[in-house]
Amino acid sequence: IELVLCGHRVTIYERRREIIDAESGKYEKVGFTNRVNRPHINNFCRNDLDRLNGRNFMTPKMCYPVFTNTSTSSIGIDECQMLLLKTALLLGVNFELGVGYKNAEIDIENEKNQRPTWLVDYTADSMAQERYGKSETGEERFDALFGCDGGQSKVRITQEDWLGTPKTRSYKKMFGIVSNLRKVGKKKLRELGHESGLEPEDRAGGMSGVFFYKASYHNYFIVHPSAEEMRANGIPWEGLFSFNSARKEIDKKKEAHKALLKKFMTQKAKELGIPIDERLPNGGFVEEPNDVMGFDFSEFYNCEKSAACMVPPLEWDTDIDDEWEIHCPLVALAGDAVADPNWLLGVGLQRGWNSAFDACFYADNIYNNKTFNGRPPCKDDPIEDPIEWFQHMDNMINLMQTLGNASRDSKLSCEMETGMLDEKGPVVIQIRNQSAMRKGDAPVPQYLPEVEPWGRYKQFTLDVNNNYKGRDLFDNVHPCATRELAIYNHNEHIVARNAILKMRANRPGAAFLTWPKRFDCSAFWGMMKLLEVDGKSAPGEKPLDKPTKEEEPVEIKPPKIDRDEVQLIALRKSNSLRESMLMTAMNPTPAGVRVKDRSAMDSFICHNSRESYRSLQKHLPPEPAPVPNVIVKGVPLEKRVSSEDLHFMECASSFTTLNSMDSSHFTNSSKKNLSPVPEQPMPEIVTHDMKSTGAQLKESLLSLSIPSKGDFPSVASMFHKSKTSLSRQKVAFTSSTTDIAPPAPPALSSGSDPMHSVRLATVKYEKEAMKAKLYMAEKEIARAKAEEEAAKARMVYAQTEYKMLKNVLAAYQIAEAKLRDMA
């Protein structure tokens, strides 16, 4: 699978074909999918099977023991074979059933480029000959040869010149008995002491030697008896894997051996509380050859080399480069062909996975001397020029030995051991950092083993992590983090875009079944019948009657309003409006400013004042008033004041009324929120007849109706009362000229203006603040000049030191030269 994903053309020879006799129903030959034993599966293997569509290509019963309990996760050999075969066929792997490997010889097809290949001798049964157009025996050319053919590997045996002879070492006397038991009904389980009617929990015995795994249609039970138990039960130290072939005589010796194993396993199951029902066929065991087997683990073998290769570069030319001396196309072993599995450690699948990944890595990098140098990629020391070819071959051979030892000794990285990404590793940190920046919550992905060995083995961990230290942790984005974030953002975009459609759709579309929303609509597919696909009728279904009328709009319920929150906001707005009106009245706009150029609040106050004055003027009889001679900013005025000019006087009167009020009329919140507003300058008014004018102004101001504390509902009503009072006291002014701008409202004297002292204090404090800022600016200039002088001094010192060191080094060189001459 990994080879074809990397672009290689792959052919698998599988000689083991299942053949069943039609008359007796017994096996004539056992196929490669007839083994039902259940090896322990590591977390990273389980994640990889999930990536290879394990949940889709296996039934729910098969998936349960694989993807549920992590500590006792197991998978049947037949289940694993079929799962991988389905994925391989979908990817285009050429799988030839009934064709077996016999031998392989090295051949050079083109003498000019000296490129070696394998000429593989094969055998084919009758069905394979008919299906694949092969003869009974023949040859086929390949660039690489991989042996995944178990402990009795023919590839390893025929290629001992390159892979060496396996080293066998004796271990302590150890024997393993494997049995597959039939499922027991709930009634029998209660009789056996399981009151709940459920099977006992799985057991991963470790060094105790007892393993019990529940499978989909049977249970897997392993025992490692001691030497005393072997002698007491008369069990011989011989391996056993046999079945009574159809149309062949029964081997009585093997039958007697198998009977002893069945008796011992039945007794052991009863002692350990493992459910077994002897009344079932075959004494409670499954059909042979998987009923009971014996394995002798007294000796272990280890292959000296797991791979070998020595090829010339692609551009090799004998006319220029002469002949290539050593010819060895890539040959590699994987799985049990490399080392004998140890059941107690449960490392069979782990070694198989890693050795297969290593072989794929060799195939990918045989001719890659541009980005491969035998070490993990280094950010600080990138490969800039192609590696010299002989050095490249040495790097490849050394790495083969290193990876072979690491895989055999199970020297895996922490992430491979746990099957989870490191919480403090670069992938998790980068994903969480990017998610926090985008205000998302991207989930941490599963750990998936990679073909490259740098992340799989412990000895490369330090070199890999050096690329993600300090600032490089976020500058050097890990490819896995980039991929997962891209998938997350893509799916979130689809989910967000179809959020409204999802609420209205009768059936989910493809966009709704994308990760991480893939389970939200899964129930629809099992409960409803498929009627349409992309607006077209499903196969075998009639077209649907499309409704002509428009669908009724979905009623959108308004969100629930928090009453307390609304009251709080309303109170804030009311206080803000009151303060704004108060500040506007206390700081009237200067004379000469047009109404349309005033602020909104000022225009509102002026408009209401003018309207109130006009309405009251209609009901009051005209009263003549003495006209004093007034000079506005030195200009004499003799013209009678217009109604608009009188409006400014009303604002002044209102201002006086507001300032004369007790501050207790306002709420505490208004006092806290009040902020000083700069006063607008008012035109100075000087009267010729000070006595008459002052008396009139005083009489006018005293006649204003000021509300009491209890009669002060709002600022607007206060303005209305002040305007009414002022409109009853008509004040007219004349000027000595007629070509002057509209006069400004009269200013109050310092004695009657309560804000006069505040303004004086404000000006005084502003002056002091300006002086302080000036003093601070002078000190900043002085400090900048001092820093500049210090920088110049450091520069002079550095230049002097540089010249001194340079001269000293030159003197050393001269002295060394003289010493050499003297020698």
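Starting afresh in each chain, residues are numbered from 1 along the sequence in its written order. For a predicted model such as this one, the threshold for reporting local features is a pLDDT of at least 70, and the threshold for listing and counting side-chain atom pairs is 80 or more; totals across whole chains, interfaces and linings nevertheless cover every residue. As a convention, hydrogens and water are excluded, and side-chain values are obtained from all of the structure's heavy atoms.

A word on the overall build of the chain. Helix and strand definitions here come from DSSP, where helices need a minimum of 4 consecutive H or I residues and strands a minimum of 2 consecutive E residues; each element is numbered from the N-terminal end. Within the chain, the secondary structure is distributed over 28 helices and 22 strands. Relative accessibility under 20% of the residue-type maximum defines a buried residue, over 50% an exposed one, and the middle range a partly exposed one, all with a 1.4 Å probe and only protein chains included. When each of the 823 residues of the chain is scored for burial, the buried share is 38%. Residue exposure ignores everything except the shown protein chains as possible cover, and the areas themselves are Shrake-Rupley values with a 1.4 Å probe. For the chain, the exposed area adds up to about 50,000 Å²; of that, 55% sits on carbon and sulfur atoms.

Here we come to the sheet that holds strand β5 (residues 99–108). When DSSP locates at least two bridges between a pair of strands, those strands are taken to pair. The strand order β5-β6-β7 describes an open sheet built from three strands, whose pairing is antiparallel. Unpaired on one side and paired on the other, β5 and β7 (137–142) mark the two borders of the sheet. Here the strands of the sheet are splayed against their neighbours by 25 degrees on average, with no regard to which way each runs. Simply put, an axis is a line fit to the C-alpha atoms, just over the touching stretch for a helix, and the angle between two N-to-C directions goes from 0 to 180 degrees.

Reading across the sheet, the five strands line up as β11-β12-β13-β10-β14 and stay open at both edges, with antiparallel pairing between neighbours. Each of the sheet's edge strands pairs with one partner strand only, and the pair in question is β11 (203–204) and β14 (292–296). Here six bridges tie strand β10 (residues 175–182) to strand β13 (residues 218–223), and the two strands are oriented antiparallel to one another. Pairing of Ile 177 across the sheet is with Val 223, part of β13. Note on definitions: a residue-residue contact is assigned when non-hydrogen atoms from the two residues lie within 4.5 Å. Sheet strands in contact with helix α11 (residues 252–272) are β10, β11, β12 (210–214), β13 and β14, and its direction is about 100 degrees off that of β13.

To continue, consider helix α14 (residues 389–408). Look at α14: 29 Å from first C-alpha to last across 20 residues, which is about the 28 Å you get at 1.5 Å a residue. Taken residue by residue, α14 has Trp 389, His 392, Met 393, Asn 395, Met 396, Leu 399, Met 400, Leu 403, Gly 404, Ala 406, Ser 407 and Arg 408 as its buried positions. If you follow the buried residues of α14, they end up packed against β15 (299–302), β16 (307–310), β17 (328–333) and α13 (348–365). Pairs of N or O atoms are called polar contacts if they sit within 3.5 Å, as long as, within protein, a hydrogen donor faces a hydrogen acceptor (for residues adjacent in sequence, only side-chain-to-side-chain pairs). Where α14 begins, the side chain of Glu 388 points an oxygen toward the backbone nitrogen of Phe 390, at a separation of 3.1 Å. Of the residues flanking the end of α14, it is Ser 410, one or two places downstream, whose phi is positive at about 55 degrees. A helix's residues, less one, multiplied by 1.5 Å, set its expected span.

Take the side chain of Asp 340 next. Secondary-structure assignment places Asp 340 in the loop between β17 and α13. Two residue types count as positive, namely Lys and Arg, and two as negative, namely Asp and Glu; His and chain ends fall outside the count. Any carboxyl oxygen of Asp or Glu that lies within 4 Å of a side-chain nitrogen of Lys or Arg is treated as forming a salt bridge with it. Although Asp 340 is buried, it forms no salt bridge, and the closest oppositely charged side chain is Arg 351 at an N-O distance of 7.3 Å. Those residues within four positions of Asp 340 in sequence are excluded, and the remaining contacts are Glu 299, Phe 300, Tyr 301 and Arg 351.

The next thing to look at is a nonpolar patch on the surface. A cluster of nonpolar residues, Met 804, Leu 805, Val 808, Leu 809 and Tyr 812, forms a patch on the protein surface that exposes about 510 Å² of accessible area. Inspection of the secondary structure puts Tyr 812 in helix α28 (residues 756–822). Classification of Tyr 812 as exposed rests on a relative accessible area of 53%. For patch detection, residues must exceed 30% relative accessible area and be free of salt bridges, and they are connected within 9 Å for like charges or within 5 Å for nonpolar side chains (Val, Leu, Ile, Met, Phe, Trp, Tyr).

What follows is about a positive patch on the surface. Here the site of a charge means atom NZ of a Lys, CZ of an Arg, CG of an Asp or CD of a Glu. Taken together, the side chains of Arg 15, Lys 29, Lys 102 and Lys 154 make up a positively charged region of the molecular surface. Summarising the element assignment, Arg 15 is placed in the loop between β1 (11–14) and β2 (19–20).

Confidence along the chain averages 77 in pLDDT terms, with 73% of residues attaining 70 or more. Looking at any residue, its pLDDT shows the predictor's confidence there, from 0 to 100. Taken as a whole, residues 627–751 scores under 50 in pLDDT and shows 203 contacts with residues more than four places along the chain or in a different chain.

The next subject is helix α16 (residues 426–437). End to end, α16 covers 16 Å across twelve residues, agreeing with the expected 16 Å (1.5 Å per residue, within 8%). Buried residues of α16: Pro 426, Val 427, Val 428, Gln 430, Ile 431 and Ser 435, and no others. The inward-facing, buried residues of α16 abut α18 (472–475) and α19 (479–497).

Another point: the nonpolar core. Here, nonpolar core refers to any group of buried Ala, Val, Leu, Ile, Met, Phe, Trp, Tyr and Cys residues whose side-chain atoms link them within 4.5 Å. Among the nonpolar cores identified, the biggest contains 76 residues, and Ile 75, Val 120, Leu 145, Val 331, Trp 353 and Tyr 362 are the most heavily contacted of them. For Val 120, the residues in contact, after removing those within four places along its chain, are Tyr 13, Tyr 101, Asn 103, Ala 104, Gly 138, Glu 139, Glu 140, Phe 142 and Leu 145. With 18 residues, the next largest nonpolar core counts Ile 177, Phe 212, Phe 221 and Leu 240 among its residues.

Packed helices, taken two at a time, are described by their axes: the angle between them and the distance between them. Direction vectors running N to C along α16 and α19 enclose 40 degrees, while the axes themselves pass 9 Å from each other. As for how α16 packs across α19, the hand of that crossing is right-handed. Within the contact between the two elements, α16 uses Val 427, Gln 430, Ile 431, Gln 434 and Ser 435 and α19 uses Cys 480, Ala 481, Glu 484 and Leu 485. A breakdown of the residues in the contact of α16 with α19 according to their chemical character gives five nonpolar, three polar and one charged. By definition, any crossing whose near helix is turned counterclockwise from its far helix by less than a right angle is left-handed, and any crossing with a clockwise turn is right-handed. Three categories are distinguished: nonpolar for Ala, Val, Leu, Ile, Met, Phe, Trp, Tyr, Cys and Pro, charged for Asp, Glu, Lys and Arg, and polar for the others, with Gly belonging to the last.

Relative orientation of the contacting elements α13 and α14 amounts to 170 degrees, with a least axis distance of 10 Å. By the criterion of interaxial angle, the relationship of α13 to α14 is roughly antiparallel. Here Gln 350, Arg 351, Asn 354, Ser 355, Asp 358, Phe 361, Tyr 362 and Asn 365 of α13 lie close against α14, whose contacting residues are His 392, Met 396, Leu 399, Met 400, Leu 403, Ser 407 and Arg 408. Considering only residue class, the contact of α13 with α14 consists of six nonpolar, six polar and three charged. Roughly parallel covers angles under 35 degrees, roughly antiparallel covers those over 145, roughly perpendicular covers 65 to 115, and oblique covers all other angles.

For the structure on display, the rule yields 31 salt bridges. Where Glu 96 meets Lys 134, a salt bridge forms, and the shortest distance between an N and an O atom there is 3.4 Å. You can see Glu 96 sitting in strand β4 (residues 94–97) and its partner Lys 134 sitting in the loop between α6 (126–132) and β7, a full 38 residues away along the chain. Through salt bridges with shared partners, a single ionic network connects Lys 258, Lys 262, Glu 288 and Asp 291.

The next thing to look at is the pairing of strand β8 (residues 144–147). Here β8 shows one buried face, formed by Leu 145 and Gly 147, and one open face, formed by Ala 144 and Phe 146. One ladder, built from four bridges, connects β8 with β17; its direction is parallel. Within β17, the position partnered with Phe 146 by the bridge is Ala 332.

Attention now goes to empty space enclosed by the protein. A cavity, in this analysis, means grid points on a 1 Å lattice covering only the protein atoms where a 1.4 Å probe fits yet has no way out; a pocket is instead an open set bounded by protein on both sides within 12 Å along at least five of seven lines, and a residue lines either one if it has an atom within 4 Å of a point. Grid points are joined across faces, edges and corners, and a volume is the space filled by probe spheres set on the points. In the structure shown here, the tally under the stated rule is five cavities of 30 Å³ or more. If you go around the largest cavity, you meet 16 residues; those closest to its centre are Ser 306, Leu 333, Val 338, Ser 355 and Ser 407. Taken together, the elements giving at least two residues each to the lining of the largest cavity come down to β17, α13 and α14. Taken together, the residues of the lining of the largest cavity sort by class into eight nonpolar, five polar and three charged.

Mapped onto the elements, Glu 109 comes out in the loop between β5 and β6 (116–124). The exposed category is assigned to Glu 109, whose relative accessible area is 58%. When the C-alpha atoms of Glu 109 and Arg 141 are compared, they prove to be 9.5 Å apart, with 32 residues separating the residues in sequence. Apart from residues lying up to four places away in sequence, Glu 109 is in contact with Arg 115 and Arg 141.

Taken together, the side chains of Glu 111, Glu 315, Asp 321, Asp 322, Glu 323 and Glu 325 present a region of like negative charge at the surface. Along the polypeptide, Glu 111 turns up in the loop between β5 and β6.

We describe a pair of aromatic rings using the distance from one ring centre to the other and the angle between the two ring planes. Pairing of aromatic rings covers Phe, Tyr and Trp, the last counted by its six-membered ring, and requires centre-to-centre distances within 6.5 Å; plane angles under 30 degrees mean stacked, over 60 mean edge-to-face, and any other angle means tilted. This structure, assessed with the given rule, holds twelve aromatic pairs. Note on Phe 175 and Trp 237: the rings are 5.9 Å apart at their centroids and 80 degrees apart in plane angle, and the pair reads as edge-to-face. With Phe 175 in strand β10 and Trp 237 in the loop between α10 (227–232) and α11, this residue pair connects regions lying 62 residues apart in the sequence. With a relative accessible area of 27%, Trp 237 lands in the partly exposed category. Both rings, one in Trp 454 and one in Phe 460, keep their centres 5.1 Å apart while their planes meet at 90 degrees; by these two values the pair is edge-to-face. The exposure classification of Trp 454 matches that of Phe 460, with both residues buried. By way of ring pairs, the aromatic residues Phe 361, Phe 372, Trp 454 and Phe 460 are connected into one cluster. The ring of Tyr 122 has Lys 134 sitting right over it, with the charged end atom 4.6 Å from the ring centre. Here, over-ring charges are defined by two tests on the NZ atom of lysine or the CZ atom of arginine: distance to the ring centre within 6 Å, and angle to the ring normal within 35 degrees.

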